[in-house]
Amino acid sequence: MSITKFRKSLSRFFKPLLILIVAVFFIGCFTIFGTNMVDRGDRGEEEQGAIAKVNGREIPGEGFNNAIGAWERQMETALDRTVTPSEVAGQKAQLLEQLIVREVLKQAAEKRGVRVSRGEVRDEINKMAEQQVDQERSQISARLGGKKKAGPKAVDRQLVELLRLKTGDSNMTIESHKSQIRDSMNPDDVRSSLMITKLGESIKRTVRMSEREMVDSYRMVQARHIVIDSRARSEVRAKKRADEVLVKLRSGSDFGTLAREVSDETYTKNNGGAWPYPLSPTQSYGVDPAITRSLFALKPGGFSDVIKTKNGFEIVKVDSEQLNLPKDFEAKKKQYKTQRLNEKQSKVVQDFYIKAMDSAKIEVIPADLQAYWLQGQARTKLMTEGAEGYKKAMTAAAKKFEKALLSNSNDAASVYSLASIYQGLGEDDKAIKALELALESASEASVEGPDLRVMLGDLYAAKGDNKRAAAQYEIAGEVGIADLGFLQQLVDKFNRVGKPDLAAKTQKFVTENSPPEMAPTQGGSPQPQ
């Protein structure tokens, strides 16, 4: 087969597989190891400042910025379009969190005496390279299997051709591809990852489970709690208030009524302090271990003494309990014990990680990354402090994004994030102002992004300003013209704002430019035949 015909035969699945290679490359390596995907060719002589400090130890900014840059280039090659501000924002937030968590756990592993040899690092790098290539082979095999079963040699030929097309290197082989993967990995980052894995394994080895505990693990309780937060007052005053609540309970006051009146945990207080789901000894993730221990020492109707937690003090009560033993429990007791032990081990490891994060002193330095970090913390606040805690954290994140944009108004990812926060908080006017300022007054075209235009158009549409909404959708279509899936979404938006002519025009463009193997459905969306 000639190279021209062979390239045509690959066109049907070239882009999905290219995306897979990039995804495996970054998810399998970059995501796990953080900055191992640094594009070394972009490194300048001058070192960049730290992006964060964990217990005084710096996380250098050079690796972070180079990794984001490498990710953008790889994704743009795979997608054949510019990555959007929302995609960049998501990647920055994800990478920042990964790097901080990794550093916290690496330090915890060091304190525990975990060590990793050079040989283990080398073996892990070889393993990762083999795993990536195996996933690429599996994807090719799956896509070829619809017509005929492709053998290993045929799959490797397809993979080599794809890699040569991607890199422009006509001498590329499977082995040279593996070598590139190995070279791209930072041994120090691989060592960190292995240390964290060994940390988890060392914690699991300390966990035991008796038969009595195994049976108790099938207990499920419906419970309530009253939370007195020491962050809202001094610890002395919080303890005094908790003690006063306990006195009232012992005097016969109703637990649910007191929870509604005095609990600082807004997520459950309006429901009398009741957790919205049953708890078990091995399945109560996110609940302080001290609380779990107290709950399962109580009988139905009983309540605890004052329990000290990381954020203050709590009193818990068990409303009811149920023992849900499987019907074949006696016949498969050994199997169930192994399962429950694994669950307990996972929870102990998870609790250790949470405690390590809570006790770590974390300082994020750049204003925009401070904002991403606060956004991530807001999700935790929603579970622990309810809507008010979430709103407070997101408001703080918005202020950090505003500060970041004062020094870099062309940071489209920060613009998107700021507008998203305002929109989520119900402050649409502020979201519109932020987007208008960025899109209409920017000094650089890099601020442009179809997702920013669509967000602004949606906000206009929500206010009934269909004319301005349609104008934004039109610009978005021009900016995102290379993404047919995105244009298909615009068809519906044009129809919703009363622009059927623009909807029809966009649909025509999508249909005419869809690959031959894609055919429009009745609704107009192209689907594979």
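Residues numbered from 1 in each chain as written. Predicted model: local features only at pLDDT ≥ 70, side-chain atom pairs only at ≥ 80, totals over all residues. Heavy atoms only, no water.

Caption draft 1: Fine view of the packing of aromatic side chains. Inspection of the entire model under this criterion finds 6 aromatic pairs. With a centroid separation of 6.3 Å and an interplanar angle of 85 degrees, the aromatic rings of Tyr218 and Tyr336 are classed as edge-to-face. Remark: Tyr336 occurs in helix H14 (residues 333-359) and Tyr218 occurs in the loop between helix H9 (211-216) and strand E3 (219-229); sequence separation between them is 118 residues. You can call Tyr218 buried: its relative accessible area is 6%. (Phe/Tyr/Trp six-rings, centres within 6.5 Å; stacked < 30°, edge-to-face > 60°. Helix = DSSP H or I, 4+ residues; strand = E, 2+ residues; numbered from the N terminus. Buried < 20%, exposed > 50% of the residue type's maximum accessible area, 1.4 Å probe, protein only.)

Caption draft 2: Main features of the sheet that holds E3. The sheet built from 3 strands is open, its strands ordered E3-E5-E4 with antiparallel pairing. Among the strands making up the open sheet, the edge pair consists of E3 and strand E4 (307-309). Ignoring which end each strand starts from, the neighbouring axes of this sheet average 40 degrees apart. Relative to strand E5 (residues 312-323), E4 runs antiparallel, the two being bridged by 3 bridges. Residue pairing for E5: Thr309 is matched across the bridge by Gly312. (Pairing = 2+ DSSP bridges. Axes fitted to C-alpha atoms, helices over the stretch in contact; angles between N-to-C directions.)

Caption draft 3: Inspection of the confidence of the model for the protein at higher detail. For the protein, mean pLDDT is 85; residues scoring 70 or higher make up 85% of the total. The low-confidence segment residues 1-47, where pLDDT is below 50, has 114 contacts with residues more than four positions distant or belonging to other chains. Within the model, the stretch residues 518-529 combines pLDDT values under 50 with 22 contacts to residues more than four positions away or in other chains. (pLDDT = per-residue confidence, 0-100. Contact = heavy atoms within 4.5 Å.)

Caption draft 4: Just the environment of Pro60, in detail. For Pro60, the position within the fold is in strand E2 (residues 57-60). A relative accessible area of 47% places Pro60 in the partly exposed class. For the pair Pro60 and Ala50, spaced 10 residues apart in sequence, the C-alpha to C-alpha distance is 4.1 Å. Those residues in contact with Pro60 that lie beyond four places of it in its chain are Gly49, Ala50 and Ile51.

Caption draft 5: Structural view of the nonpolar core. In terms of nonpolar packing, the biggest core is built from 68 residues, with Ile51, Phe64, Leu96, Ile100 and Leu435 touching the most fellow members. In terms of residue count, helix H15 (residues 367-407) provides more of this core than any other element does, 11 residues in total. Here Ile51 is in contact with Ile59, Pro60, Gly61, Phe64, Leu96, Leu99, Glu363, Val364, Ile365, Pro366 and Leu369, once residues within four sequence places are set aside. (Core = buried A, V, L, I, M, F, W, Y, C linked by side-chain atoms within 4.5 Å.)

Caption draft 6: Structural context of the sheet that holds E2. One open sheet holds the 3 strands; their spatial order is E2-E1-E6, and the pairing between them is antiparallel. With one partner strand each, in any of the chains shown, E2 and strand E6 (362-364) form the two edges of the open sheet. On average, each strand axis in the sheet is inclined to that of its neighbour by 20 degrees, with strand direction left out of account. Sheet topology places strand E1 (residues 50-54) next to E2; 4 bridges connect them, and they run antiparallel. Its bridge partner being in E2, Lys53 is matched across the sheet by Glu58.

Caption draft 7: Geometry of unusual backbone geometry. Of note, Asn55 is a non-glycine position whose phi angle comes to about 50 degrees, a positive value. When you line up the elements, Asn55 lands in the loop between E1 and E2. Judged by its relative accessible area of 40%, Asn55 is partly exposed.

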